[in-house]
Amino acid sequence: MKIAPLIYSRTLHCDFNSNFAVRPKNLDLQWARDKVRASTKEVGIFNDIRRVVASKDGIGIAGVACNFKFFVEKYLPDKVQDAEKYFRDERGREVKIFLGYAFEMSGKKELPNITDADILQMFMETLAPEWEKKFVETVYSNYKDCDTKPFSGDKKTFETINGVEIYREDVFNQYLASAQVKELAYCSNVNQFDIWEEGQFSAISTSDNSVISGLKAAQKKTPQTRKEPVDVRTSEGKKNFPILKIFVIVLIVIIAAVWFVMP
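What this report covers is the structure whose coordinates are included nearby.

Another aspect to go through is the packing of aromatic side chains. Under the definition given, this model contains twelve aromatic pairs. Ring centres of F123 and W131 lie 5.9 Å apart, and the angle between their planes is 65°; on these two criteria the pair is classed as edge-to-face. Judged by its relative accessible area of 0%, F123 falls in the buried class. In this structure an aromatic cluster arises from ring pairing among F68, Y86, F87, F123 and W131. Above the plane of the ring of Y140 lies K25, whose end atom (NZ or CZ) is 5.4 Å from the centre.

Taken as a whole, the largest pocket encloses approximately 340 Å³ of empty space. In this structure, the largest pocket is lined by 15 residues; those nearest its centre are P5, M122, E125, N142 and K144. Contributions of two or more residues to the lining of the largest pocket are made by β1 (2-9), α4 (116-126) and β8 (144-145). Residue contributions to the lining of the largest pocket peak at five residues, all from α4. Looking at the lining of the largest pocket residue by residue, the class counts come to seven nonpolar, four polar and four charged. As a volume, the second largest pocket reaches approximately 190 Å³. Lining of the second largest pocket is provided by 15 residues; of these, Y101, I114, F172, N173 and L176 occupy positions nearest its centre.

Note on helix geometry: an α-helix contains 3.6 residues per turn, so any two residues three or four positions apart are oriented the same way. All of the buried residues along helix α2 (residues 68-75) are F68, F70, F71 and V72. The secondary structure elements touched by the buried residues of α2 are β4 (59-67), α3 (80-83), β5 (96-104) and α4. For α2, the capping residue at the N-terminal end is N67, with a side-chain oxygen 3.0 Å from the backbone nitrogen of K69.

Time to look at the nonpolar core. Ranked by size, the top nonpolar core spans 45 residues in total, and within it V53, F68, F71, V72, F103 and F123 carry the most contacts. Counting only elements with at least two residues in this core, the list comes to β1, β4, α2, α3, β5, α4, α5 (172-178) and β12 (184-187). A32, A185, C187 and L215 belong to the second-largest nonpolar core, a separate cluster that totals 30 residues.

Basis of the calculations
Residues numbered from 1 in each chain as written. Predicted model: local features only at pLDDT ≥ 70, side-chain atom pairs only at ≥ 80, totals over all residues. Heavy atoms only, no water. Phe/Tyr/Trp six-rings, centres within 6.5 Å; stacked < 30°, edge-to-face > 60°. Buried < 20%, exposed > 50% of the residue type's maximum accessible area, 1.4 Å probe, protein only. Lys NZ or Arg CZ within 6 Å of the ring centre and 35° of its normal. 1 Å grid on protein atoms, 1.4 Å probe; cavity = no way out; pocket = protein on both sides within 12 Å on 5 of 7 lines; lining within 4 Å. Points joined across faces, edges and corners; volume = space filled by probe spheres on them. Helix = DSSP H or I, 4+ residues; strand = E, 2+ residues; numbered from the N terminus. Nonpolar A, V, L, I, M, F, W, Y, C, P; charged D, E, K, R; others polar. Contact = heavy atoms within 4.5 Å. Polar contact = N/O pair within 3.5 Å; in protein donor to acceptor, adjacent residues only side chain to side chain. Core = buried A, V, L, I, M, F, W, Y, C linked by side-chain atoms within 4.5 Å.

Shown next, in the form of structure tokens:
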């Protein structure tokens, strides 16, 4: 399998680059941006991370949407000292980030042998050298070979609501393996109804009952009935039609009478 670093983030002085901070050149930019932006919604105040995987037209993306400081402190505590200078921007705001990679679909149901430490290392090698620059352009990454491992996990139980598979637990690895052979889009830890409402994911995991309730309520709604224009032969028009007919006949008779009596 081949992978290339993929990062959506601001830097010390520069705001988010809509072209991505780091990405391979063959990425479907709009498609990937839509997935990533949906996954990072309110992630700065979300006390957890979201794992995302999506694939389309032979290319996939996978990674973590998170508050950078929270991610490193919780999942890579031994790396805090190395990474802490990248936790905040010049105004002291904590950095939110999508940190991951793009991959070429292998056609085999397998997992890339990538850890959280590996994706942090991708950041250190690609975006960290650009961090303090006043102007930062997109860093274009190259695909490199990546070891794989078989996926042996069982498919977890889910329910389908409005065409979206809903899980109560994170099934990132299950979908990452499946993304090698078919097109899909998955996001974990969906705690906001609007993330689902954007329509970017075909599967989500959530433990938030309010999200489940919102999904079920949305499913029950029926489309609004379109109002048709009133026909003159129906509804109120039907009541007024005989009066209009009589008026026209009388008018014709009067005009004919005047015509005949004229010298």
